[in-house]
Each structure stands twice: as structure tokens, then as C-alpha cells.
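Close look at the chain arrangement
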Amino acid sequence: MLLKTKLTPPPLPDPMLERPRLAQLVSALVERHHVIMISATAGSGKTTAILGAATLIDRPIAWLTLDHTDAAPGRLLAYLEAVLRQALPGDNQLDGIVVRALRGGLQHPEAAGILAEAVGDAPVLLVLDDLERIGNAKEAVETLEGFLRYAGPETRVVLLSRHDIPLETLLVAPGRDTVVLPEEALAFTREETADLLEMLGESQEDVDQIIDATGGWVIGVLFETWRDIGSGVHSGNRRELLDRYFSSQVVESLSPEDREFLVVTSIFDQVTPERAMAVGQVDTEARMASLRHARLPLVWDDAQDAMRCHPRFREYLRRGLQRREQAEVDRIRRAAGLLYAREGYWEQAAQELLAAGQLEEALEPARQAIFALIDRLDLGLARRWLEQLAVVAQSDSSELTTAKLLLTLVDDDYRAGVQIVDAVAQRGELRELALHSDRAAALMASAYCGGLRLQDAREVLDVADGPEIFIARYLYCLYDETVPRVPRPEASGGLMDGVLAYADYFHGRLEQLTETSLEGVGSAVSPPWQIMALCTLGRLDEARRLYEDAVSNRVTGQLSLAVVAPELYIEAEDREAAHAAITRAWRLVRSRGPTDGELLLRLAATKVAVRLDRDPERALIELERLARNPLASTAPFVAAPMRMWRGLAFLLQHRDAEAVAELRDAVAIMVERGLRLDLPTAAIYLAEAQWRAGNEDAADDAADMALDAARYLGSNHRLLQALSEFPNVAARRLDSEVELDSPWRDLGRAITGAGPAAPVIGGVRIELREFGEAVLTVDGAEVRMRIAKAYEILAYLLLNRAEPVHRTVLLGIFFDGKNDTSTRAYLRQALYWIRRAIGDEDLILDGQEVQLRRELSAVSDSMRFETLLSRASRLVAGDRAAAIENALTTVSGGTYLPGFKSEWVESRRQSLLALAIDARCDLAELRFAAGRYADARASVEQALRDDPYREVSWRLLMRVVSMFGDADAALRVYRDCEDTLAEIGVAPSPSTRRLLDGLRR
């Protein structure tokens, strides 16, 4: 009796990933070639590849899964006949043909030939799976050869095996050809791996990692997917399943010598004969030759005579190694570690020698490798090395001492850093270490600065020299007013670049912080100051994302993140969150001992009190506490903002003379020490204080200084914030301006549209397009509301979601105040369609009040336009021009809500048009300044089409056209201006006439 399961294809996996690329390749090979051989590793997808192509192959399929018993040729023939008869049920010639041939005295290979001839021209596909099961059984191979030799021209045979198929012994009929499908063709591509993850409902972020780990080996991809994402299988069970698979499917058929070789050499990532000999293996070349023919999850490098195990297979083998006697494992580890050291692979050497408990021998490799670990942010491993080596490290181990210092700075643990440096000093080795390594000296000085030990820091800096010391001196200038300023040093490419980021922030060098991406360990130290820089530039959404990333990566020091967190909430004007962040930060700061974090946090608490709470008394109390630290008055980066906030508190208390004194000192320190970060703010406050004191010229000078400082920062954000507190500074400055197109005119327009920090406007769920045609999209799909009035009501509610709106207000705005049964019903229908479109939970109807849910992720074109313009107003030069261009694309679709005629829509339409005109004028100015004269002309001419009575636009057009070499062009524009203004009874101003005279000279 025959086993039916051997005569049927194995079931497809469920779910199964369709792989059209592979299916088409296999089906094409079947049509073009008579014998297709696929020799590949277990789990490489041989069987599934054929099953996946079955739907594209227009042939009956005869599938035979072989086992060890099929090495008997008679049994093999019986199954071949049965499976062919099953595939070709109408062919009576096949019934009993093998038995008749054998009874007639034919040998098994001849009987196989008779069977093949009986198939004739039938276009059958014979698949022989698990061919390795019959091994090199001579009679079985000859029987198979007999079938292939006499197979008809339409017969196709696919041979699937985990071992190489001996092509030279498998003779086929003359004129018939064979082809080998390489194992590489079965491998998952990046796209197929992504499709698999999508099919499993998992994130595709790990695609590259999985491909790198598996090389696309199908079973490896599946197990790697189980390993790295949620699969519903417990991690312990996953490993057990994988081990069971390797044991039964991969190494089962290996000789004891080959198994031993694989287990022992699994200590290496790449195995060569020389490495195998180093760990006690003999006859290594013969063993590797044997393994090469075994079809294992190995990758061979012929150029180096080397092999690599698939990562999961190597893990399986190493688990086998770990189960051996500890003494033997330690012997193998030590041998491997010493070999790695001779080869110059210091990290691998240290790792194996430490694992073997050979601390003395591990010391030198660890010295050589420790900085590479830290630079790639393997900080936990570096810490474990240092802990293990502490008992044997010599006092003069400068590399390990430097590494310890480096880690304390990454962790913001200045107290631990100071303790390390003090220990070096107590051993009398500080000077020698500083002379030996400028990196060590820079880190020691930085630790002392962070721990507020300035005299000690200065003594270190006086001894050493070198690129990283230059960064430490640049940092030190923030702490000590008695030392001369030093120029900004170049980046060093290491941790000190994170220290450089800290110093750059207080110097107001924001472009370096936001436009330069640090690598290595510097990237762990810089995020807090990049976050602060983004806040200073008004890019709050970017700052929040970077903060969230830094918190989640658990690499950046938590103290620095805690200190900068309040700034995010101050920018967002969230008083409660800011106070809570300060409370959390204080707990961490106090646990770390004296640090500069304490000074910065006290300044943040002052800023919350004076800016958000408008509580000058509380601010002065905070500043008094800050002043108790003697460094607060002598460290410029603290002394300057301390005086600035004290001056603001005095302004709020109308203590104007005291405010002038404090703010004048603050500005003087900032200018003298090059600390431009807060200079726009402090100078605006000083301008207000000077004006109150009756010093009008000094007030104007301070205001202009603020404008210059904003240009240096590359952003008007801080300037506009200060002007929003004291708008009269801008008003007075505007009053004194003769020219209509001065920078203060631009600022005046920006102040009116600056508003609070702009919300995040990307990735929204609900969008209302308003320009050209009203279109509502929800989750990316257009949703139509049957009542047109619903679109303008939704536009209004999006703008006014902060507070509920009474239905009578909506009736008054959109129905001319009518409040009868018909209009109320119409309003109810409009609200019904809004609710149906966006979701019941997102439109709150509470009695007579209507409100969109505050947390609703929604935006309209006009809101996006205003937000983008608000952001642009805080930028300068080229960045500002690009931002305005981006904003104007939002309104390029046409008129705002065309066809809608309510008074509110009309008012909104005119307001947005005025903003667009202002933006085009601003853009024209920026383009003109950048030498983009054609673009400037296009912008200003569009602005004049929208508002022909704006004289400043005519003036700009005169300047633009004069750049094209036409001497009379400015005169023609002037006359057009004159004619246009005459329509409203106005003549061009003297400034415009003077401009014309100047252009025609």
C-alpha cells in the first residue's frame, strides 16, 4: 500500500505571501527547460517556490515527496508510476506498467525508461521533493537517470534537494537540457520582506535590519520576523522552535566531525582554516570541504577560503557551545580572543577574553577598542567593560580613564566626572594625563566646568593644547568673565562636538546647531541644545519631535533633557506643564549635586514666573536664590540673562531706573562676550526702559541693536516675542521711519500676524480646502456634504474651536440673524452633515452650543496659510523667502470659498487677500535683495494687481525695473503710480519722487 501523503504536494503556508517575481521565474524555467534543479538550504523556499508558480504552469503536476525508504529502486518506481497515473488519470498505458516491465526481466533503470516513454507527449510536470533523502544510493540514482533519459520532449522534471545534485550522473535524453536555479534567486528581496511585514500587520521599519541579518534566506526571514516583531509566540518558544528546526532539518545528516567543527568554530563570525586550527580543530580544510557540499545556511567567500554562518544558525551553534564544560568554553574563548588580538580585531578580542575571565589579557584590546564602542553609542557595553577591568586597570591607563570621563559627560553625571578627575589628581597624574591626551584634558576641564569647579578647570586648560582643548576653552569662556573671549573652534569629530553645541547655543550660533547633524557620541550630547535652538527659532513642532526622540532613545543625558523641557512649554505658553516640568527637573538636579544645570533651571523658573505668570515678585525671589551662587554673577552665560529677567521684572513693577541699569548691564555682557542668544530680547526690553527714562535716542539704538541681533540669529522669533510684550517699541520706531520700505515696516506687519507658537500642520486627519473650490477630505478621502452652507460653517468652527459657539451666533453670522423654524432646521441639517463627515465624537453638540473637539487633528487651507506666514515672519533672508513661497502656494488655487456670500466669508476673504498681498510684497523685497529681479518683478506686479493703491509696491517696482538697464522704465512706472493714485485723490509721496530722481541719475 502506498502512502497518499507522499503523492500530494505539501500544503501552502497560511497565510502565504505571494511572490510574483519568483513565480514568474520558475514558470518560465519550466516552459523552456526539461530538467530544473534546485539545490538549496533547508528553509530556503524551494517547495513553496514551485507551489507558488503552480497557478502559472499550464500542466498537470505529479508531486512526489521522497524519503529514505525510496532508496530502494523498486519502491521508487512504484511511487513514480502512482504519482504520474494520478496526474494523468486518462492514460491507461500507465496502469501496472512498472510491474509488467520488471516481471518481463527488465532492470530498474530500464523499467523507469519504459515508464517515461508511456507518458509520451503528455505535458506533465514531475516534481521530486527532498531528493537528498535517497542520498547517493546508486540503484535509486540510476533508476531516476533511466526515467530522465527516456522522458518525452513535453515532460518537465523539477528536482528539489538540500544537497548538491550530481549533474554528471543524471543523464537526460539527447536534445534535452537542464538548468540550475541558484539559491540566491529564492532569497527574499527587500520589497518581499516589506510585503511580508505588511501582511502580518507589522511595522516595516525593520526591513533593512532583517535583510542584513538573514541575507534573504526564507526561513531566516520568518524567524527573524518572529524574533523582532510581535508574532504571538513567546520569545522562549520562538528560540525553541528555531533550535528544533536547526537540529532536525539542518544538522541531522552531518557527520559527528562536521558537527563538532561547526560548534567549536561558531566562536568566530567568519571561519577560516587558520582560525579553526587556533581553537583546536584538525584537518580543517577537509572539514570545510565537507561542509561546503552539505547545503547548510552558510555563506562562502572563495577569495578568503572562509565561511560565515547565518546569524540565527550561529546563535544556535553557540548555544550548543555554551552547554559544554565551562573550562572548555573558557579555553576556546581565550584562544579566539588571543587570535583576534593578533589579527587586530580589538573589540572581538576584548569581548572573548573578558568572557573567559582573562582580565589582564583583555586590558590592551579594551584600551584599543573602547572609544569605537562609545562612538557608535554602545554605551552599556562600554560601561560593563570598564566595570570588569576596574580591578586590573593600571593607574596610568589614560584611555580607560578618558573613556570613563566621556561616559560621565554623556550621562550628565558631573559629580562622577569630578570624582574621577580628583582621583587622578590625588595620584599625582593629572598633569601627565593632560599633557599626554588633549581629549582627556578637554574632558577633565569640561567635567570641572559642569561641576562648577572653575579654578580646577582653568588649571587643566593651562597645561594642555590641541583641537579638543580649543573647544574646552571656548566652553570655559561661558563660565569665567575674567578670561578673554576666544574664537569659535572647528569641530573635532568626537564627543567634544556635543560640548561645542552647548557653547554654540549660548553664543547664538543657531545655524550650526540646526543645520549640522553630529555623528557618533556627539549626537548623544547635542540634542538638548538643538532643541533649545529650535525653540529660539520658533520651530516648536520640530523641537518637540526631537525632544520626544531624545527621551525615547535613552542615550542623551536625562539631566540636560530635564533642564530644557520647561522651554518647550514656555514656548507653547502652557503654564501648568511648564511648572510641572520644573518640579520634575528639580528632583533630578538636586540628586546630582552642584552642577550648571541648577543655574539654568533657576533661570527657567524665573522665565516662567515673569513671562507666563507675569509675576515679577516671584521672579525676583527666584533671581535672589540664583544670586546666592557666586558663579551666577561672574559666569557670563548666567549673569547676562539673570540681569535681563531682573530688568523685565523691574519694568513690570515700573521701577524704570533700576530696569535701565539691569538691562544695560545685561546687554553690555552679551555684546562683550558674544552671547547673542538673548540679545534681541534684552535689547527690546532696554529700548522700552530707555524710553520710559526719557532717553529716546538710546531707545532707538537699543531697538536697532535688537534687529541686528535677530539677523545674526537668523530668526525674528525672539524679537517678535519681545515686541509682543512691548509693542510700543515697534510703534515708536515706525513713527521715526521716513522710508516706507524699512525693515521696521516689515516687522510691523509681522507683529500683527505673529500670534502664538504655530501648531503642527502636517499629518492631519481632516483637511478643508477653501481656495478655488470647497473640498473636505477625511483620512485622505474626499467626503461630500450635501448642504453647501456646511462648508463655511465648518471653516468658521475650525478657526474658533477654542470655545463653544452658541447656535444663535451661527444663525446671526450665516443666516443674517434669522431665527425662525426654517433657518434653525437648516442649521441643524448643516451640522448633521458636518458631524456625519468628520465623526460624531469630533463635533460636540451640547444643548445650544456647538464646538469641534479641541484635540481634533484638522486644518483648513486658510489656517495653514496663516500658520506658514507666521513661521515665515520669524525667519530672515533666504529662509524667509522660501517659507513665503511655500505659504503662497496654499492660496494659489483661486478665490477663498467662491460662491459663498455670508458677511463672515466676505470679511475673511478680504483679510486673507490682504495677508497674501503683504506676503507678495515681502517676497518681492526678499527676491530683489537676493538679485532675483525677474522673480521680484513677478511678485510685486501680482501684488499691485490685487491692490494697486499701495505706494510701497510701486516704489519697489521702480527699483526692480531699473535693474534691467532701461533708464526710462522707472519713469514709466512712476507715471503709472501717479495715474493710479490720482483715482483716489492722492499724489505720490516725496520719498517716491526722490527715489525716481535717484534712479534716473
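Heads up: the structure comes first, above all this text.
Throughout what follows, the structure given in this document is the object of discussion. For clarity, every value in this text was computed on a predicted model and none was experimentally measured.

Quick word on the overall build of the protein
Tallying secondary structure elements over the protein gives 51 helices and 14 strands in all. Counting over 1001 residues, the protein shows a buried share of 54%. Considering only contacts in the protein between residues 6 or more positions apart, those separated by 24 or more positions represent 67%. Looking at the protein as shown, the accessible area adds up to about 44400 Å², and 49% of this sits on carbon and sulfur atoms.

What to know about the packing of helix H17 (residues 346–355) against helix H19 (residues 379–389)
The packing of two helices is summarised by the inter-axis angle and the distance between the axes. Between H17 and H19, the shortest axis-to-axis distance is 12 Å and the interhelical angle comes to 55°. Taken as axis vectors, H17 and H19 run oblique relative to one another. With respect to the hand of their crossing, H17 and H19 are arranged in left-handed fashion. Every residue of H19 that contacts H17 at Glu 347, Ala 350, Gln 351 and Leu 354 is listed here: Leu 381, Trp 385, Gln 388 and Leu 389. Residue classes in the contact of H17 with H19 are distributed as five nonpolar, two polar and one charged.

Some remarks on a negative patch on the surface
Together, Glu 274, Asp 283, Glu 285 and Asp 305 make up a negatively charged patch on the protein surface. Tracing the sequence through the fold places Glu 274 in helix H13 (residues 273–278).

Thoughts on unusual backbone geometry
Although it is not a glycine, Asp 283 adopts a positive phi angle of roughly 50°. For Asp 283, the position within the fold is in the loop between H13 and helix H14 (284–292).

A short note on the environment of Leu 321
Structurally, the position occupied by Leu 321 is in helix H15 (residues 311–322). What makes Leu 321 buried here is its relative accessible area of 1%. As for Leu 321 and Ile 332, which are separated by 11 residues in sequence, their C-alpha atoms are 9.5 Å apart. Contact partners of Leu 321, with chain neighbours within four places excluded, come to Val 263, Ser 266, Ile 267, Val 329 and Ile 332.

Describing the sheet that holds strand S11 (residues 805–806)
The three strands lie next to each other as S11-S13-S12, forming an open sheet whose pairing is antiparallel. Of all the strands in the sheet, just S11 and strand S12 (843–846) have a single pairing partner and so form its edges. Two elements, S12 and strand S13 (residues 849–852), share four bridges in a ladder whose sense is antiparallel. Bridging from a neighbouring strand, Leu 843 pairs with Leu 852 of S13. The sheet contacts of helix H44 (residues 821–838) involve S12 and S13, and relative to S12 the element is tilted by about 140°.

Quick notes on helix H32 (residues 575–591)
The end-to-end C-alpha distance of H32 is 25 Å, a good match for the 24 Å that 17 residues give at a rise of 1.5 Å each. Among the residues of H32, those classed as buried are Ala 577, Ala 578, Ala 581, Ile 582, Ala 585, Trp 586 and Val 589. On the buried face of H32, the contacting elements are helix H31 (558–571) and helix H33 (596–612). Two residues or fewer past H32, Gly 593 is found with a positive phi of approximately 80°.

Comments concerning the packing of H19 against helix H20 (residues 398–410)
Where H19 contacts H20, the two axes come as close as 11 Å, and the packing angle between them is 135°. By the criterion of interaxial angle, the relationship of H19 to H20 is oblique. Seen from above, H19 lies across H20 with left-handed handedness. Within the contact between the two elements, H19 uses Leu 379, Ala 382, Arg 383, Leu 386 and Leu 389 and H20 uses Leu 400, Ala 403, Lys 404, Leu 407 and Val 410. Residues that form the contact of H19 with H20 fall into these classes: eight nonpolar, no polar and two charged.

Brief notes about the pairing of S13
Summarising the sheet, S11 and S13 pair through two bridges and their orientation is antiparallel. Opposite Val 805, over in S13, you have Val 850 as the bridge partner. What sits between S12 and S13 in their antiparallel hairpin is a turn of two residues, with Gly 847 showing a positive phi close to 65°.

Some points on the environment of Ser 253
In this fold, Ser 253 is placed in the loop between helix H11 (235–250) and helix H12 (256–265). As for Ser 253 and Glu 132, which are separated by 121 residues in sequence, their C-alpha atoms are 10.0 Å apart. In this structure Ser 253 touches His 163 and Arg 259, once residues within four positions along its chain are discounted.

Points about the pattern of salt bridges
Applying the stated criterion to the full structure yields 61 salt bridges. Linking Arg 646 and Glu 662 is a salt bridge whose minimum nitrogen-to-oxygen distance equals 3.3 Å. Of this pair, Arg 646 sits in helix H35 (residues 636–652) while Glu 662 sits in helix H36 (residues 656–673), and the two are 16 residues apart along the sequence. Overall, the relative accessible area of 16% leaves Arg 646 in the buried class. Judged by relative accessible area, which is 17%, Glu 662 ranks as buried. Asp 946 is the partner of Arg 920 in a salt bridge, and the nearest nitrogen-oxygen pair spans 3.3 Å.

Some points on the state of the cysteines
Per the counting criterion, the structure on display carries zero disulfides. No disulfide involves Cys 449; its sulfur sits 9.7 Å from that of Cys 477, the nearest cysteine. Residue class for Cys 449 comes out buried when judged on its relative accessible area of 1%.

Calculation criteria
- Residues numbered from 1 in each chain as written.
- Predicted model: local features only at pLDDT ≥ 70, side-chain atom pairs only at ≥ 80, totals over all residues.
- Heavy atoms only, no water.
- Helix = DSSP H or I, 4+ residues; strand = E, 2+ residues; numbered from the N terminus.
- Buried < 20%, exposed > 50% of the residue type's maximum accessible area, 1.4 Å probe, protein only.
- Contact = heavy atoms within 4.5 Å.
- Areas by Shrake-Rupley, 256 points an atom, 1.4 Å probe, with all protein chains shown as cover.
- Axes fitted to C-alpha atoms, helices over the stretch in contact; angles between N-to-C directions.
- Parallel < 35°, antiparallel > 145°, perpendicular 65-115°, else oblique.
- Left-handed = near helix turned anticlockwise from the far one by under 90°.
- Nonpolar A, V, L, I, M, F, W, Y, C, P; charged D, E, K, R; others polar.
- Patch = residues over 30% accessible without salt bridge, like charges linked within 9 Å, V, L, I, M, F, W, Y side chains within 5 Å.
- Salt bridge = Lys/Arg side-chain N within 4 Å of Asp/Glu carboxyl O.
- Lys, Arg positive; Asp, Glu negative; His and termini not counted.
- Charge placed at Lys NZ, Arg CZ, Asp CG, Glu CD.
- Pairing = 2+ DSSP bridges.
- Expected span 1.5 Å × (residues − 1).
- Disulfide = S-S within 2.5 Å.

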